[in-house]
Every structure is written in C-alpha cells, then in structure tokens.
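Residue-level structural notes
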Amino acid sequence: QVQLVESGGGLVQAGGSLRLSCAASRTGTIFTVNNMGWHRQAPGKQRTLVALVSRGGYTNYADSVKGRFTISRDNAKNTVVLQMNNLKPEDTAVYSCFANERASSRQYWGQGTLVTVSS
C-alpha cells in the first residue's frame, strides 16, 4: 500500500513563509519514484500544478510562484519539500503532494493540506 503523508500547512499572514513536506512510501517493498511535486486547488477553481522536481533534480514551477517557492527532494527517503516565501492571499488553497512511481508510471496523491494566507 502506497502512502503519501503531508505536513506543514496552516494560517500565515501575507508576506510570511510556510514549509510543506511530503513523504512517500510503500509497505513491504521498494518504492522508486520519478517526479514528485505539489498541486493546489483554491475554492471554486481547478487544481493546478505548483511545482515539481524530477529524480534527477529538474524543477518546474508555475509562473505565479517563481522566485517565491522552492521545491527540493531527498531521493533516498522519497521526501519532497516545498518552501513557500512571500506568501500572498491568492496562494490560499489545498496543497496536495503527488509522486509518480518509476515502475508503473502510476501517480499517487496525498490527502492535501490547507494553506491560508490572510491579508
């Protein structure tokens, strides 16, 4: 069974920072992951990609977060971290971690964590 466990959401004032973490694992067997990253979904809006990082370290960011958010990962631990700085009210959303398994290309999701940025 694959699990993605997220942490780090919460309430912050505009201009503040939050750090989201996600750990991916599979019970009993090795779980090798290619891309990992984060999507977000604001109320009444579609889910959109925030950032991703490949196993080799390639990163991709949504234009709206470039220069403010930084994604990083630890391949040995299958963890991914999203450092969010200079947060804006429009960053308010549920942030969900994802991981793409190398063997099957299947995408797995975390349960989501709420980030609220007050003005």
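Residues numbered from 1 in each chain as written. Predicted model: local features only at pLDDT ≥ 70, side-chain atom pairs only at ≥ 80, totals over all residues. Heavy atoms only, no water.

So, on to unusual backbone geometry. One non-glycine residue with positive phi stands out, namely Asn78, at about 55°. Within the secondary structure, Asn78 is located in the loop between strand E7 (69-74) and strand E8 (79-84). Although it is not a glycine, Ser105 sits at a positive phi angle of roughly 65°. Looking at the secondary structure, you find Ser105 in the loop between strand E9 (93-101) and strand E10 (107-109). (Helix = DSSP H or I, 4+ residues; strand = E, 2+ residues; numbered from the N terminus.)

Before going further, it helps to spend a moment on the sheet that holds E7. With antiparallel pairing, four strands are arranged side by side in an open sheet as E1-E3-E8-E7. The open sheet has two edge strands, strand E1 (2-7) and E7, and neither has a second partner. Averaged over neighbouring strand pairs, the angle between their axes works out to 15° when direction is ignored. (Pairing = 2+ DSSP bridges. Axes fitted to C-alpha atoms, helices over the stretch in contact; angles between N-to-C directions.)

Once that is clear, we can look at the environment of Val2. Relative to the elements of secondary structure, Val2 occurs in strand E1. It is 9.9 Å that separates the C-alpha atoms of Val2 and Gly28, two residues lying 26 residues apart in sequence. For Val2, the residues in contact, after removing those within four places along its chain, are Ser25, Arg26, Phe31 and Tyr108. (Contact = heavy atoms within 4.5 Å.)

Another aspect to go through is the packing of aromatic side chains. What the rule picks out here adds up to two aromatic pairs. Plain terms: the ring middles of Phe31 and Tyr108 are 5.8 Å apart, the flat faces sit at 80° to each other, and that makes the pair edge-to-face. In this pair, Phe31 is assigned in the loop between strand E3 (18-26) and strand E4 (33-41) and Tyr108 in strand E10, connecting sequence segments 77 residues apart. For Phe31, a relative accessible area of 6% gives the class buried. Considering the side-chain rings of Phe98 and Trp109, the 5.7 Å spacing of their centres and the 50° angle between planes classify their relative orientation as tilted. Here Trp109 lies in strand E10 and Phe98 lies in strand E9, a separation of 11 residues in the sequence. (Phe/Tyr/Trp six-rings, centres within 6.5 Å; stacked < 30°, edge-to-face > 60°. Buried < 20%, exposed > 50% of the residue type's maximum accessible area, 1.4 Å probe, protein only.)

Now for the environment of Asp91. Position of Asp91 among the secondary structure elements: in the loop between E8 and E9. Sequence separation between Asp91 and Asn34 is 57 residues; the distance between their C-alpha atoms is 26 Å. Beyond its immediate chain neighbours, meaning those up to four positions away, Asp91 contacts Arg40, Arg68, Phe69, Asn86, Val115 and Val117.

One finds Trp38, Leu82, Met84 and Tyr95 to be the most contacted residues of the largest nonpolar core, which totals 31 residues. Contributing elements (two or more residues each) for this core: E1, E3, E4, strand E5 (48-53), E7, E8, E9 and strand E11 (113-118). When residues no more than four places from it in sequence are discounted, the contact partners of Tyr95 are Glu6, Leu20, Trp38, His39, Arg40, Val50, Phe69, Leu82, Met84, Gly112, Thr113 and Val115. (Core = buried A, V, L, I, M, F, W, Y, C linked by side-chain atoms within 4.5 Å.)

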